[in-house]
Amino acid sequence: MAVSVTATTTSGLQLDDTTLKLVTSGASQIIQLDQARQRILEYVESRMSVLCPNLQALLGSSVAARLVGAAHGLNNLCKLPSSTLVSLGAHKATSVGGSAYVVVGSVGATATKHVGILADADLIHSCPSMFRSKAIRVLSGKCILAARVDAFKEDVTGSNGQSLREEVERKIEKWQEPPPIVLPKALPAPDDRPKKRRGGKRANAIKDKYRMTEMRKQMNRVPFGLEEQKSVGNTSKTLGMLGLSGSGKVRITAQDKGILKKQKINGRTSGNASGLSSSIAFTPVQGLELVDPEAAARRVREANLNYFGSSTFNKS
């Protein structure tokens, strides 16, 4: 890269023999170092089944060996966070005329930001392009777990790495599934039964205020086969079955007490007769009978005058 950039920006002057020898020796040393690096990686790759069986089962021998080489050892690799492992192996290149940040992955990887050696894994290549960045993040976390298992020699068979690989494959397949079809939801069956409705003290007080009492229910009932009772006062209301035998004791409300009080007041008339009062009464024995409606009241008054009229009280 440096040679190509220098060749494109040179002024066209020829190098002298001393400078040419230095450039040639430097290029040959770079080539020798790269060849030595490749031999070391090939040796580590051949020994991955013994050194890192779980990491090999997860990523493959080639990618696992390059990860270990980029991290400078298995112990250093298991200490890295998963976010760092994503971009491990990427290089920063400077283009001509400026410092454009281009992250280049390993051999065969596309030039993508924050992508390192993990982009060459077969799991990433088989994944669709829209899910590759997400798959790399998931795979980096599983790689750290497999490297830690290999560093402490907890599993030498590689079964743990194989289970991690299957888990990543299931996640990738899950991402590719189409969304579930939303079917129209059927309406629930109608429920006509009365529902329980709770209320506070105020709501319960209003319900008690307008609730029909047992006394009102008895007054609204009409006995079968019996003579209808007289109306209460000047109204058309009757007592119904209230007070009959077998009706039982009922609670008298304030409204019922008012009706009974009105009936009692209307029964105690003064000397003036009501315009609706009649002196004809129907009896089962004699039929029509002339009755003075105030005769009983006069007898009571006369008895009171005879008993209390002549009595005197003296203070001792």
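The structure reproduced in this document is the subject of the present report. Here, residues in each chain are numbered from 1, in the same order as that chain's written sequence. Given that the model is predicted, a residue must reach a pLDDT of at least 70 before its local features are reported, and side-chain atom pairs must reach 80 or more before they are shown or counted; all residues, however, enter totals for whole chains, interfaces and linings. Working from all heavy atoms in the structure, the side-chain values ignore hydrogens and water.

Before going further, it helps to spend a moment on the packing of helix α2 (residues 17-46) against helix α5 (residues 61-70). Two elements in contact, α2 and α5, have axes separated by 9 Å at closest approach and are oriented at 120°. Between α2 and α5, the angle is such that the two are oblique. Classified by chirality, the crossing of α5 by α2 is right-handed. Along its contact with α2, which presents Leu 41, Val 44 and Glu 45, the element α5 presents Ser 61, Ser 62, Ala 65 and Arg 66. Lines fitted to C-alpha atoms define the axes here, with helix axes fitted over just the stretch in contact, and angles between the N-to-C directions of these axes take values from 0 to 180 degrees. Strands are runs of DSSP state E lasting at least 2 residues, helices are runs of H or I lasting at least 4, and numbering of each runs from the N terminus. The labels follow the angle: roughly parallel below 35 degrees, roughly antiparallel above 145, roughly perpendicular from 65 to 115, and oblique for the rest. A clockwise turn of the near helix away from the far one marks a right-handed crossing, whereas an anticlockwise turn of less than a right angle marks a left-handed crossing. Contact definition: two residues touch when any of their heavy atoms are within 4.5 Å.

So, on to the packing of aromatic side chains. Note on aromatic contacts: the rings of Phe and Tyr and the six-membered ring of Trp form a pair at centre separations within 6.5 Å, being stacked when their planes are under 30 degrees apart, edge-to-face when over 60 apart, and tilted otherwise. Applying the stated criterion across every chain, the model contains one aromatic pair. Measuring from ring centre to ring centre gives 6.2 Å for Phe 131 and Trp 175, while their planes differ by 40°; the resulting arrangement is tilted. Of this pair, Phe 131 sits in the loop between α8 (122-125) and α9 (132-151) while Trp 175 is found in helix α10 (residues 159-176), placing the two residues 44 residues apart along the sequence.

We now examine α9. Taking 1.5 Å of rise per residue, the 20 residues of α9 would be expected to cover 28 Å, and the 28 Å separating its terminal C-alpha atoms lies within 8% of that figure. Only protein chains enter the area calculation, which uses a 1.4 Å probe; residues under 20% of their type maximum are buried, those over 50% are exposed, and those in between are partly exposed. Among the residues of α9, Ala 135, Ile 136, Val 138, Leu 139, Ser 140, Lys 142, Cys 143, Ile 144, Ala 146, Ala 147, Val 149 and Asp 150 are the ones counted as buried. On its buried face, α9 is in contact with α3 (48-51), α4 (53-59), α6 (74-79), α7 (82-86), α8 and α10. Residue Lys 153 follows α9 closely and has a positive phi angle near 55°. Multiply 1.5 Å by the residue count of a helix minus one, and that product is the helix's expected span.

Turning to the nonpolar core, a few remarks are in order. Counting 38 residues, the largest nonpolar core has Leu 55, Leu 59, Leu 77, Leu 85, Leu 118, Leu 139 and Cys 143 as its most contacted members. Counting residues per element, the ones that place at least two in this core are α4, α5, α6, α7, α8, α9 and α10. Of the residues forming this core, the biggest block, eight residues, is contributed by α9. Aside from chain neighbours lying at most four places away, what touches Leu 55 is Gly 60, Ala 64, Val 68, Leu 77, Cys 143, Ala 146 and Asp 150. Here, nonpolar core means buried Ala, Val, Leu, Ile, Met, Phe, Trp, Tyr and Cys residues that are tied together by side-chain atoms lying within 4.5 Å of each other.

Salt bridge, as applied in this entry: a Lys or Arg side-chain nitrogen positioned within 4 Å of an Asp or Glu carboxyl oxygen. Under the definition given, this model contains seven salt bridges. The salt bridge involving Arg 165 is made with Glu 169; its shortest N-O contact spans 3.4 Å. Of this pair, Arg 165 and Glu 169 are both found in helix α10, four residues apart, which corresponds to roughly one turn of the helix. Given a relative accessible area of 15%, Arg 165 falls into the buried group. Residue Glu 169 is classed as partly exposed on the basis of its relative accessible area of 31%. Put simply, Glu 177 and Lys 174 hold a salt bridge, and the shortest N to O gap is 3.5 Å. Note on Lys 174: relative accessible area 55%, which makes it exposed.

Before going further, it helps to examine the environment of Thr 238. Locating Thr 238 in the fold gives a position in the loop between α12 (214-220) and α13 (254-267). Sequence separation between Thr 238 and Asn 220 is 18 residues, and the spatial gap between their C-alpha atoms is 8.3 Å.

Within the secondary structure layout, Lys 142 lies in helix α9. Those residues in contact with Lys 142 that sit more than four places away from it in its chain are Leu 58, Leu 164, Glu 167, Val 168 and Lys 171.

With respect to the helices and strands, the residue Leu 242 is situated in the loop between α12 and α13. Judged by its relative accessible area of 15%, Leu 242 falls in the buried class. Between the C-alpha atoms of Leu 242 and Val 222, which are 20 residues apart in sequence, the distance is 9.5 Å.

So, about the packing of α9 against α10. For the pair α9 and α10, the least separation of the axes is 10 Å and the interaxial angle reads 170°. The angle between α9 and α10 places the two elements in the roughly antiparallel class. On α10, the residues that touch Lys 134, Ala 135, Val 138, Leu 139, Lys 142, Leu 145, Ala 146 and Val 149 of α9 are Asn 160, Leu 164, Glu 167, Val 168, Lys 171, Ile 172 and Trp 175. When the residues that make up the contact of α9 with α10 are grouped by side-chain class, the tally is 10 nonpolar, one polar and four charged. The residue classification treats Ala, Val, Leu, Ile, Met, Phe, Trp, Tyr, Cys and Pro as nonpolar and Asp, Glu, Lys and Arg as charged. All others, Gly included, are polar.

Next up on the list: unusual backbone geometry. A positive phi angle, close to 60°, is found at His 72, a residue other than glycine. Tracing the sequence through the fold places His 72 in the loop between α5 and α6. Among the residues examined, His 72 registers a relative accessible area of 68% and is labelled exposed. Even without being glycine, Lys 153 reaches a positive phi, approximately 55°. Structurally, Lys 153 can be placed in the loop between α9 and α10.

Another point: a nonpolar patch on the surface. On the surface, Leu 15, Leu 20 and Val 23 cluster together into a nonpolar patch covering about 270 Å² of accessible area. Mapping Leu 20 onto the fold places it in helix α2. Taking relative accessible area as the criterion, Leu 20 reaches 44% and is therefore assigned partly exposed. A patch consists of residues exposed above 30% relative accessible area that lack any salt bridge, with like charges linked at up to 9 Å and nonpolar side chains (Val, Leu, Ile, Met, Phe, Trp, Tyr) linked at up to 5 Å. Only the protein chains shown count as cover for residues, and the accessible areas themselves come from Shrake-Rupley with a 1.4 Å probe.

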